[in-house]
Structures are given as C-alpha cells and as structure tokens.
There are 2 protein chains.
Amino acid sequence: MELKTLRTFVAVAELRNFSAAARRLHTVQPAISRQIAELEEELGVPLLWRSTREVRVTATGEVLLEDARRMLALEVEARERVTRAASGHTGQLRIGYMSSATARFLPTLLQQFSARYPDVHLELFEMTAQQQLEAFARQEIDLGFSRPLPEPETLGLERLSLYQDRLMAVLPRSHPLAGLQRLSLKALAQEAFVLFERGQASGLFDMIISACGEAGYSPRVIRQPAQMQTLISLVASGLGVAIAPACIRFLQSEGCVFIPLHLAPPPIALELHYSRDPLRPTVDAFLKEARQMQVGIKALMELE
Amino acid sequence: MELKTLRTFVAVAELRNFSAAARRLHTVQPAISRQIAELEEELGVPLLWRSTREVRVTATGEVLLEDARRMLALEVEARERVTRAASGHTGQLRIGYMSSATARFLPTLLQQFSARYPDVHLELFEMTAQQQLEAFARQEIDLGFSRPLPEPETLGLERLSLYQDRLMAVLPRSHPLAGLQRLSLKALAQEAFVLFERGQASGLFDMIISACGEAGYSPRVIRQPAQMQTLISLVASGLGVAIAPACIRFLQSEGCVFIPLHLAPPPIALELHYSRDPLRPTVDAFLKEARQMQVGIKALMELE
DNA sequence: TTGATTTATACTTAATTTGTATGAATTGGG
DNA sequence: CCCAATTCATACAAATTAAGTATAAATCAA
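Residues numbered from 1 in each chain as written. Chains lettered and ligands numbered in written order. Predicted model: local features only at pLDDT ≥ 70, side-chain atom pairs only at ≥ 80, totals over all residues. Heavy atoms only, no water.

1. Digging into empty space enclosed by the protein
Residues and elements named next belong to chain A. What counts, and what does not: Put simply, the grid is 1 Å and covers the protein atoms alone, a cavity is a trapped set of points that fit a 1.4 Å probe, a pocket is an open set with protein on both sides within 12 Å along at least five of seven lines, and lining residues have an atom within 4 Å of a point. Grid points are joined across faces, edges and corners, and a volume is the space filled by probe spheres set on the points. Helix and strand assignments come from DSSP, with helices taken as H or I runs of at least 4 residues and strands as E runs of at least 2, each series counted from the N terminus.
Per the counting criterion, the structure on display carries one cavity of 30 Å³ or more. Reported here for the largest cavity is a volume of approximately 30 Å³. As for the largest cavity, its lining consists of Leu 195, Phe 196, Ala 201, Leu 204, Phe 205, Ile 208 and Ile 243. If you tally residues by element for the lining of the largest cavity, the top one is helix α8 (residues 202-214), at three residues.

Written out as structure tokens, the structure reads:
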C-alpha cells in the first residue's frame with residue numbers, strides 16, 4: 001500500500017469515474033485501472049464496483065476511503081510540522097548561561113526571541129563555563145553563554161562573540177582611592193585581593209595575575225569566591241579589592257565603586273557557544289535573533 | 001512522500017545505521033542512502049545527520065519520525081478494518097421485512113446473527129413487498145423478506161427461498177365449518193371473503209381468485225385490508241372468511257381457526273431478496289447465517 | 001599505519017510504471 | 001432499432017524509476 005495508490009483510490013471514489021480521476025491526476029485511464037486492481041488484489045477485497053457506465057464504492061471501499069483520507073491528511077500535516085520545525089519555529093532550546101555576565105541582556109533577548117518564536121520551548125540552566133562544556137559533551141544544552149572556552153572547535157563547538165568586557169577595579173566605597181576617575185594596577189599593589197575562583201574561569205584568573213605581574217607585583221589573594229555576587233559582597237564589606245569584568249556592576253553592587261583601569265589588560269569577551277552539527281534548527285533561529293540584537297547588547301554592556 | 005520511503009526512514013532512525021536498515025528491509029545500503037537523500041530533498045530539510053561512524057536524527061527528523069510512525073500504524077489499522085469490513089464483521093445491514101410472514105423466526109435469526117457479528121449495525125424497516133422493491137431501487141435496504149417478487153432478476157436482485165407457506169382457510173371460531181379437519185375451497189363458495197389487498201401482494205390475491213375459479217366460483221370479496229392483522233380481526237368478528245398463508249396463525253389470532261385446504265393451491269414461498277451487486281459484505285455474512293438457519297425456519301413454519 | 005566499518009557516488013541492470021492501441025459493454029439519440 | 005459515444009479492461013511497447021554492484025572517501029580502533 002502506497003500513498004500514491006491511495007491518492008488514486010480517493011480520486012476515483014470521489015469522482016466515481018476512472019477516466020476523470022486520470023485527468024485529475026494528470027495520467028491516463030489504464031494507469032488508474034491497474035492501480036485500483038492492484039490495490040484490490042493486495043488487500044484481497046473489492047473496493048469499487050464498476051460497470052462500463054457506473055462506478056460505485058463498496059462498503060469495504062468506504063472503510064478504506066476513510067483511512068486513506070486520514071493518511072493523506074496526515075501527510076500534509078507532517079509536511080507542515082516538518083517545515084515549521086526546520087525553520088526553528090517549533091522545538092526546544094536548552095540554554096546554559098552564567099547569570100553574572102548575562103543578567104543585563106539575557107531576559108530581554110529571550111523575551112524578544114519568544115515573541116517571534118512562541119512555540120519554541122525554552123529551557124534555562126544556570127551553569128559555569130566548565131559545566132557548559134560538560135553539558136555540551138552530554139548533549140544536554142544547545143546554546144551556552146560563557147567566557148571564551150579553550151579550543152572550542154576541537155569539541156565541535158562554534159562561537160559567536162557578543163561583546164567585549166573591560167576589566168575594572170572594584171573598591172569598597174570607603175576606600176581612599178574610591179574617588180578616582182581612573183586607576184593604574186600598580187596603585188593596588190599593596191591591597192588584599194578577592195578574585196573569582198580559578199576553577200570556574202581560569203582565563204580570567206590568569207589574565208589578572210599576569211597583568212599584575214606586568215605591573216611589577218604578585219597580588220595577595222585572600223579569598224576566591226565561586227560566585228560573582230559573593231565577590232561583590234566581600235569587596236563591599238571592605239575585606240579587599242577586586243579586578244573583575246565590567247558586567248558585574250549590573251549585579252547587586254551597593255557599597256562598591258567600579259573604576260576603569262589605566263593600561264588595562266585586553267577586554268574579555270562574552271561568547272555564545274553552540275554545536276557545529278546542526279541538529280537543532282531552533283539554534284539557527286536563535287542565532288539569527290542574537291546577531292540582530294548584538295549591537296544592542298554591546299551598547300547595553302559597554303556604554304553608560 | 002511514499003509509505004515505502006517512510007518505512008525506510010523509520011528503520012534508519014531506529015537503528016541509527018543505514019547498512020543495518022538495509023538488512024532489515026532486505027535490500028542494499030545504497031538504496032537506503034538514496035531514499036533518505038530523496039526524502040530530504042523533497043522536504044528541503046535535513047532529517048538525519050550522518051558521518052561515516054554515526055547517524056543521528058535531527059530535531060526535524062524527530063518531528064517527521066512521529067508522523068511517519070502514525071501513518072504506518074494507520075496503514076496497519078486500515079488493513080485490519082478493511083479485512084473486517086470485507087468479511088462482513090463490521091458495517092451496516094438494512095433489512096426490510098413483512099411482519100406477518102416473519103414474526104415467527106426473524107427475531108431469532110437476528111439475535112443469532114448479532115451474536116456472531118456483534119459489530120454489524122442492523123436497521124429494520126417494516127415494509128410490504130412493493131415498498132421493498134422501491135427501497136431496493138433507491139438503495140435504501142440491503143435485504144428484504146417478502147413473498148416472491150415478479151422478475152427480481154431484471155431489477156438486479158437475487159433471491160433465497162426460506163420456506164413454503166401453505167394457504168389455509170381462516171374461519172371464525174363460531175363458523176359452522178370451523179370444526180372440520182380439512183376443507184375444500186368449493187365449500188366456501190357462498191361465503192363472504194376478506195382478502196389481503198391486491199396492491200400489497202398481487203400474486204397471493206390472484207392465486208386465491210384463480211383457485212376459487214378452478215373450484216367453480218368467483219369469490220364475493222367484501223373487504224380488502226392492507227394488514228394481515230386486520231384481516232384476522234375481521235374474520236374473528238364473523239364478517240367473513242379468508243384464505244391466507246399459514247404463517248399468519250402466529251399473529252394475534254384469537255377467535256379464528258385455520259383449516260388445511262383440500263386440493264390447495266401450490267404453497268407460496270417466503271423469500272429473502274438481496275442485491276446481486278455485492279456492495280455489502282454484511283449481506284453475504286447474513287446469507288450464510290440465514291442458509292444455516294433455513295432448516296430450522298422451515299421446521300418452525302411448517303410443522304406444529 | 002593498517003584494517004574494518006560506514007556512507008556516498010557512478011554505473012549497469014532489473015523492475016516497474018506509463019502510455020498507446022484496442023476490445024467489450026452499455027447507454028442515449030436519431 | 002441501430003449507431004455513435006463513453007467507459008473500463010487488457011495487451012504490448014516505451015520510458016521511467018529503482019535496485020544492485022563496485023568503489024571511493026572518511027573515520028576509528030588496534
């Protein structure tokens with residue numbers, strides 16, 4: 001039983017005429033006769049009663065007619081569903097993100113995406129860069145917002161840089177240097193440092209250490225919190241100073257001041273990673289949306 | 001899109017391996033490759049992601065997979081439904097009947113049929129032989145229980161004789177001849193006759209008239225009721241006598257006696273008519289059942 | 001690096017389907 | 001009452017389509 005045969009059968013049953021069905025299907029009458037005969041032979045059952053003047057659908061034929069119509073309708077529906085899925089308008093999207101770096105723009109981006117793709121089921125997972133890597137390997141997420149990963153290509157990942165985050169000095173509001181417009185790393189040589197835990201973001205950690213090294217000292221690190229919010233709280237309480245990406249000023253940062261660094265280390269990117277093998281069209285749809293918003297994201301994160 | 005292609009797609013998606021799918025489908029791997037490639041091209045969409053080491057179903061492929069399985073399941077169901085319909089186990093059966101002639105056995109026959117074919121929807125229409133003819137012409141009934149019809153073959157009808165009904169004299173219980181075991185038609189020459197209306201059953205009517213003619217008289221017909229029950233009531237009330245098929249003694253016949261006729265006219269058959277063109281397998285199923293019960297019907301109607 | 005395994009492609013061969021011509025049956029009009 | 005017209009079935013040749021064979025390219029494991 002093939003859909004082509006069923007299309008023929010439905011046409012004949014509807015028109016009650018082999019020749020007319022042939023015309024509708026852009027073929028010739030003997031082709032129709034054979035298809036019907038073969039269908040009847042395959043099922044071992046008469047479906048149509050025909051004389052030279054009249055074609056009638058048997059009771060058995062009516063039963064098949066119903067199911068044939070269902071199958072053909074299902075084919076049309078399947079085409080539609082496949083098309084929608086392939087264009088990224090339906091399906092799911094599992095997103096890993098670091099809240100500290102994305103708090104400012106991710107809600108807006110997601111809202112915008114959902115408005116345009118309302119039938120895509122979004123799943124959000126807050127995770128560090130390292131956790132995202134593992135999640136990608138286990139195929140548990142489709143997109144990840146994180147700091148640059150080491151050699152993403154070898155893991156089958158593509159990347160899209162969303163914006164560059166400058167490093168800034170974070171001082172308690174009561175700190176003697178808190179009023180300055182600009183600060184050199186050297187000026188912090190004697191300070192106690194609170195740095196984001198190396199395990200979570202080795203690139204950031206090492207960059208700060210080497211920048212201090214270039215400024216002529218090795219920083220005295222007294223705490224390594226695993227959360228940016230903790231880091232801010234520690235600085236606000238006067239325990240030490242920090243060097244951190246500018247984005248964290250959008251977290252709860254009462255009691256801290258953020259001062260641009262003179263001769264700052266190169267800015268650190270926020271990247272959107274995704275699998276190179278395109279198993280999820282929703283990813284492409286999201287990327288399109290993200291690329292359109294990219295300018296806006298940059299403006300949000302860098303200006304002000 | 002053809003079911004064959006979808007079967008291939010489902011096999012590959014399930015086995016995640018083109019070669020294994022080829023083996024399952026008893027063909028060769030290049031055939032599978034081509035079918036999948038053509039399906040993807042037709043839909044304009046990647047369904048499977050494949051390397052030489054791994055085959056994965058894309059999100060779009062998963063969507064099609066669901067619908068493909070539905071279609072294939074529907075095909076299996078359709079086959080089953082068609083088979084059941086063709087064997088007469090499902091469907092409908094519209095039956096015309098004359099209650100006077102069938103009251104005795106039809107309920108039993110229907111009950112028996114329903115027990116064996118519980119999913120056949122029975123529709124019953126009480127109608128005279130003439131009405132049955134018209135109903136057949138309009139294709140409103142599939143089976144008709146009636147007296148023999150004139151030239152049923154020319155109307156595309158087949159017939160099955162169920163039993164032969166003798167004609168009997170029907171007299172009021174108070175009638176002088178009511179005590180006899182046997183009666184000649186001649187003995188009724190002076191009686192007033194109540195005969196079943198000719199329009200309803202011309203064969204019966206004419207047979208009685210000609211039988212009387214052979215007995216040497218023309219009966220004096222004072223009433224021609226259209227219902228057998230009415231005829232019985234008229235006789236019971238003493239208005240006249242009647243000649244009628246033996247079967248009517250199974251109606252409400254208090255006050256009447258039924259007496260066998262000496263030199264009776266040939267018995268009159270009860271027939272089951274049905275269309276020659278087999279549009280309804282339920283008809284064949286019913287006929288099979290009816291033929292099996294035929295002996296029983298004869299016994300019921302003739303003995304006693 | 002080699003051997004094994006897997007998918008894709010090129011090409012030949014086989015199978016299937018179509019289209020043409022024609023026959024048989026039935027109906028309606030002249 | 002016959003003839004033209006229409007309809008479905010069948011036979012056969014032609015064309016299309018799909019399958020099978022051989023082989024290439026890629027990847028992974030030993």
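2. A closer look at the protein's contact with DNA strand D
Heads up, the rule is: The near set for a molecule or strand comprises every residue that places at least one heavy atom within 4 Å of it. Whenever a nitrogen or oxygen atom comes within 3.5 Å of another N or O atom, the pair is scored as a polar contact, on the condition that within protein one atom can donate a hydrogen and the other can accept it, and that pairs from neighbouring residues in sequence are kept only if both atoms are in side chains.
Taken together, 20 residues surround DNA strand D, and among them Phe18(A), Ser19(A), Arg50(A), Lys4(B) and Thr27(B) come closest. Counted by atom, the contact set of DNA strand D within 4 Å of the protein is 57% sugar and phosphate. One of the backbone N or O atoms of Phe18(A) is found 2.6 Å from a phosphate oxygen in DNA strand D. Here a phosphate oxygen of DNA strand D and a side-chain polar atom of Thr27(B) are 2.5 Å apart.

3. Considerations on the packing of aromatic side chains
Rules: Between the rings of Phe, Tyr and Trp (Trp by its six-membered ring), a pair exists once the centres lie within 6.5 Å; its type follows the angle of the planes, with under 30 degrees stacked, over 60 edge-to-face, and the other angles tilted. The cut-offs for exposure are 20% and 50% of the maximum accessible area for each residue type, with area from a 1.4 Å probe on protein chains only; residues under the lower value are buried, those over the upper are exposed, and the others partly exposed.
The tally for this structure, following the rule as stated, stands at twelve aromatic pairs over all chains. A ring pair is formed by Phe105(A) and Tyr163(A), whose centres lie 6.1 Å apart and whose planes are at 85°; its orientation type is edge-to-face. Taken together, the residues span a long stretch of sequence, with Phe105(A) in the loop between α5 (99-102) and α6 (106-116) and Tyr163(A) in strand β6 (residues 157-165) at a distance of 58 residues. In this pair, the class of Phe105(A) matches that of Tyr163(A), namely buried. Judged by centre distance (6.0 Å) and plane angle (65°), the rings of Phe105(B) and Phe145(B) are edge-to-face. One end of the pair, Phe105(B), is in the loop between α5 (99-102) and α6 (106-116); the other, Phe145(B), is in strand β5 (residues 143-146), and 40 residues separate them in sequence. For the residue pair Phe105(B) and Phe145(B), the accessibility class agrees, reading buried in each case. Through pairs of rings, three or more aromatic residues link up here, namely Phe105(A), Phe113(A), Tyr117(A), Phe145(A), Tyr163(A) and Phe286(A).

Nothing here speaks to function; it is geometry throughout.
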